[in-house]
Amino acid sequence: MQFRKSWIMALALTSVVALSACGNSNNGGNNAAATNTPTENSGSGAELSGSILASGSTALQPLVEQAAESFMDANSGVDIQVQGGGSGTGLTQVAEGQVDIGNSDVFAEEKLKDADAEKAAALVDHQVAVVAIAAVSNPDAGVDNLTKQQLVDIFTGKITNWSEVGGADQAIQIINRPSSSGTRATFEAFALGTKTEDLQGSVQEDSSGTVKKMIGETPGAIGYLALSYLDDTVKTLNYDGVEPSVDNVVSGDYPVWAYQHMYTNGEPNEVVKAFLDYMLTDEVQNGDVVELGYIPASAMQVSRDVDGNVTKK
Amino acid sequence: MRGKTNTKKIEKHHIEDMVGRIYMSLCVLLLIVIIVSMVYFVASKGIANFISGEVKLTDFLFGTKWAPEADTPSYGALPFISGSFLVTLLAALIASPLSICAALFMTEIVPGWGKKLLQPVIELLSGIPSVVYGFVGLSVIVPFLRDTFPGQGIGVAAGALVLSVMILPTITSVAADALASLPQNLKESSFALGATRWQTISRVILPTTMPAIMTGVVLGMARAFGEALAVQMVIGNAPFVPRSLFESASTLTSVITLSMGNTTMGSTINNALWSMALVLMLMTFVFVLLVRMLERRNKI
């Protein structure tokens, strides 16, 4: 009996401790980034050492991973870990100090708004690449070009057959992204110019690979993909007569593109700054960035602010 | 007497006993702490929207419109709740007869090679990762349904078919265990009374083992209810209550995996996803309760 009583007491105590620990992490109390300050910085040409943790956008992950590999080869004292999780996760974690870098497809202000707006203000944006998105269809749809208005009508359900836009007599099947997706936000903002609601019967897929597979296989399918995913299994559609090519994006003629952001909470420390600087060197911008199908941020002849205003550089 | 044992030297096996007991108590304690804190975490996140008044509970449970990013957002989860129940029930309906027949085949019809052949095959099914099921579903079942029925192939029917294969092993192994544990004399008495094999199976064996077989069905349904990846790949994920079995629909798990990474912690949409996780967890409790009730009835 004695034993049982003390056992229950112990259980109750541990539960309380565990619960309060949970409460803490809810408020984002812990600050892992603080421990990641460089341990050694003596004089000029010093070896960098420290660790960097990045998380967020899966669209940006391959690029950061590949750049991190070569950065770690050059700086053996630095350890960089890159995790996925999605743009929202990356922004939350960097704002709460759980990671050093938050990767995102969208401006932090678009995700962290209302009550979280001050969190977004504390984040520093580093734009490392550009991703352009093209409208694509099943090859049998028989259409090469769609105007902005036609796209809006298709994605709002006003046009339901390809014959209405000069294609085959085939019902249109929308393959969409979930409404919280950064790719969809980019497509809606710059290709459609309006937010769309999900339509009954439309399909939503999370990964670009699945979207491509479904568009290639489903008769009458339409969707949108990053340029790096395009191949012969799907038909790339011109937008208002402009071909979605790297050159057209760089010159600013093709408007459906977004920056890939790497956010830090306040100004980055020495190691993180060195890595972010490395991301913007020609070696990465003209090497890894191009190789993985992104467009170098440095090559862009136009720039765009958080409100979508485009200016010539 | 008492004083005598106390003064005695503590022997080795007593220490072993103590160490074992403390170690096991610690393990159980840790387990309970993990479970309690998980339930607390999901529950506290899940009810955050309702406490802050951001979303009304009735709007959440019975609202049919899910438009979290719209200018006037609405967080109706009925499409997901109904989708989850639809695919789960359909999958159980498809898988149960198959599994029960397989179990009968292994234990009653050909206990020798039937069991030797079927058992490993069915155990293999439960070892296949769900992403593989999803991919096979997307590459085989969806095109098949698209060519055979109106619609695009994706939808509740495709999800239920994939799930039914996934829960086959659960139901079959539980049912086979139940059938094997049936006392031999029950069957022998039935045969002695002149009943045929079919009469014995349908009038004696199945009625007696039904609660145990139903346990397997409920366990299978619990697995189907919680499965995310494979279903997400074939169901289409449109946030609507489907008008037919061949129209894009969503489940609780699919919308959570689809949207969780894109949302920021603490936002209304994120908390709405946690509310769905809470619904999932509560349903799991219901399934566990059902299993306990069935086990109590199971008195072979």
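Under an unreviewed UniProt entry, the name given to chain B is Phosphate transport system permease protein, and the organism recorded is Paenibacillus typhae. Quoted verbatim from the Function (unreviewed entry) field of UniProt, the annotation for chain B is "Part of the binding-protein-dependent transport system for phosphate; probably responsible for the translocation of the substrate across the membrane." Looking at chain B in UniProt, the text filed under Subcellular location (unreviewed entry) is "Cell membrane".

The name given to chain A in an unreviewed UniProt entry is Phosphate-binding protein, with the source organism recorded as Paenibacillus typhae. Listed in UniProt under the heading Sequence similarities (unreviewed entry), the comment for chain A reads: "Belongs to the PstS family." According to the UniProt record, the Subcellular location (unreviewed entry) comment for chain A is "Cell membrane".

Visitor: How would you sum up the UniProt feature "domain: ABC transmembrane type-1" (unreviewed entry) in chain B? Please name residues and give values.
Guide: The sites that carry the UniProt feature "domain: ABC transmembrane type-1" (unreviewed entry) are, in the present numbering, residues 81–291 of chain B. From the first C-alpha to the last, residues 81–291 of chain B spans 21 Å; its make-up is 79% helix and 0% strand.

Visitor: Could you give an account of helix H2 (residues 12–46) of chain B, naming the residues involved and the relevant values?
Guide: The terminal C-alpha atoms of H2(B), which comprises 35 residues, lie 51 Å apart, in line with the 51 Å expected from a rise of 1.5 Å per residue. Those residues of H2(B) not exposed but buried are Ser25(B), Leu29(B), Val33(B), Ser37(B), Val42(B), Lys45(B) and Gly46(B).

Visitor: Give a detailed account of the side chain of Ser55(A), specifying residues and quantitative values.
Guide: Residues and elements named next belong to chain A. Its place among the elements puts Ser55 in strand E1 (residues 50–56). Its relative accessible area of 0% is what places Ser55 among the buried residues. When sequence neighbours within four positions are dropped, the list of residues in contact with Ser55 reads Gln83, Gly84, Thr89, Gly90, Gln93, Val99, Ile101, Gly102 and Asn103.

Visitor: Give me the lowdown on the domain arrangement of chain A, citing residues and values where you can.
Guide: Residues and elements named next belong to chain A. With domains assigned, chain A is organised as domain 1 (50–129 + 258–312) and domain 2 (131–251). With centres defined by C-alpha atoms, the gap from domain 1 to domain 2 works out at 27 Å. At the junction of the two partners, domain 1 supplies 17 residues and domain 2 supplies 12 residues. Regarding the contact of domain 1 and domain 2, the summed buried area is about 1200 Å², with carbon and sulfur atoms giving 59% of it. For the domain 1 face of the interface with domain 2, the top three residues by lost area are Ala258, Ile295 and Arg304, together amounting to 38%.

Visitor: Give a detailed account of the interface of chain A and chain B, specifying residues and quantitative values.
Guide: Where the parts come together, the accessible area they lose is often given as the size of the interface. Contacts between chain A and chain B engage 41 residues on the former and 44 residues on the latter. Summed over both partners, the interface of chain A with chain B buries about 3500 Å², with 57% contributed by carbon and sulfur atoms. Joining chain A to chain B, the criterion identifies one salt bridge. In this structure, Glu197(A) and Lys65(B) form a salt bridge, with 3.3 Å as the shortest nitrogen-oxygen distance. Breaking the side of chain A that touches chain B down by element, the ones donating at least two residues are helix H1 (2–26), helix H3 (87–95), strand E8 (203–204) and helix H8 (208–217) of chain A. Considering each element in turn, the side of chain A that touches chain B owes the most residues, nine residues, to H1(A). When its residues are assigned to classes, the side of chain A that touches chain B shows 13 nonpolar, 19 polar and nine charged.

Visitor: Talk me through the environment of Val165(A); I want residue IDs and the actual numbers.
Guide: Residue and element names in this part refer to chain A. Relative to the assigned elements, Val165 resides in the loop between helix H6 (148–155) and strand E7 (173–176). On a C-alpha basis, the gap between Val165 and Glu118 in space is 45 Å, while along the polypeptide they are 47 residues apart. Once you skip the residues sitting within four places of it in the chain, Val165 turns out to touch Val143, Leu146, Gln150 and Ile159.

Visitor: Can you break down the UniProt feature "transmembrane region" (unreviewed entry) in chain B residue by residue, with the values?
Guide: Residue and element names in this part refer to chain B. On the UniProt side, "transmembrane region" (unreviewed entry) is annotated at positions that read residues 21–43, 80–105, 117–142, 154–180, 201–222 and 272–291 here. What you have in residues 80–105 is 100% helix and 0% strand, and the ends, taken at the C-alpha atoms, are 37 Å apart. Helix makes up 92% of residues 117–142 and strand 0%, whereas the separation of the span's terminal C-alpha atoms amounts to 30 Å.

Visitor: Describe the domain arrangement of chain B, with residues and values.
Guide: Residues and elements named next belong to chain B. Here chain B is partitioned into domain 1 (4–53) and domain 2 (79–297). Each partner contributes to the interface: domain 1 provides 10 residues, whereas domain 2 provides 11 residues. Buried surface at the junction of domain 1 and domain 2, both sides included, amounts to about 850 Å², of which 72% is carbon and sulfur. The three residues of domain 1 that bury the most area against domain 2 are Val42, Lys45 and Asn49, which together make up 58% of that side's buried surface. Viewed at the interface, domain 2 and domain 1 are joined by zero salt bridges.

Visitor: Give a detailed account of the pairing of strand E3 (residues 101–104) of chain A, specifying residues and quantitative values.
Guide: Residues and elements named next belong to chain A. On E3, burial covers both faces: Ile101 and Asn103 on one face and Gly102 and Ser104 on the other are all buried. In terms of strand pairing, E1 meets E3 through three bridges, oriented parallel. Of the residues in E3, the one forming a bridge with Gly56 is Asn103. Two strands pair when backbone bridges link them, and E3 and strand E12 (residues 257–265) are joined in this way by three bridges, in the antiparallel orientation. What sits directly across from Ser104, in E12, is His261.

Visitor: How would you summarise the pattern of salt bridges if you had to cite specific residues and measurements?
Guide: Per the counting criterion, the structure on display carries 11 salt bridges over all chains. The residue Asp198(A) makes a salt bridge to Arg184(A) at a minimum N-O spacing of 2.8 Å. Here Asp198(A), found in the loop between helix H7 (182–192) and E8, pairs with Arg184(A), found in helix H7; they are 14 residues apart in sequence, far enough to count as distant. With a closest N to O distance of 3.9 Å, Glu16(B) and Lys12(B) form a salt bridge. One end of the pair is Glu16(B) and the other is Lys12(B), both in helix H2 and four residues apart, which spans about a single turn. Take Glu16(B): its relative accessible area is 48%, and that puts it in the partly exposed class. In this structure, a network of salt bridges that share partners links the residues Arg184(A), Glu188(A) and Asp198(A).

Visitor: Explain the environment of Gln98(A) to me, and be specific about the residues and the numbers.
Guide: All names here are of chain A. One can find Gln98 in the loop between H3 and E3. The exposure class of Gln98 is partly exposed, given its relative accessible area of 23%. Along the sequence, Gln98 and Ala54 sit 44 residues apart, while their C-alpha atoms lie 9.3 Å from each other. At 3.0 Å, the side chain of Gln98 forms a polar contact with the side chain of Glu96.

About the criteria used
Residues numbered from 1 in each chain as written. Chains lettered and ligands numbered in written order. Predicted model: local features only at pLDDT ≥ 70, side-chain atom pairs only at ≥ 80, totals over all residues. Heavy atoms only, no water. UniProt positions renumbered as here; feature names shortened; annotations may be inferred. Helix = DSSP H or I, 4+ residues; strand = E, 2+ residues; numbered from the N terminus. Expected span 1.5 Å × (residues − 1). Buried < 20%, exposed > 50% of the residue type's maximum accessible area, 1.4 Å probe, protein only. Contact = heavy atoms within 4.5 Å. Domains from an automatic or database assignment. Buried area = accessible area lost by both parts, 1.4 Å probe. Salt bridge = Lys/Arg side-chain N within 4 Å of Asp/Glu carboxyl O. Nonpolar A, V, L, I, M, F, W, Y, C, P; charged D, E, K, R; others polar. Pairing = 2+ DSSP bridges. Polar contact = N/O pair within 3.5 Å; in protein donor to acceptor, adjacent residues only side chain to side chain.

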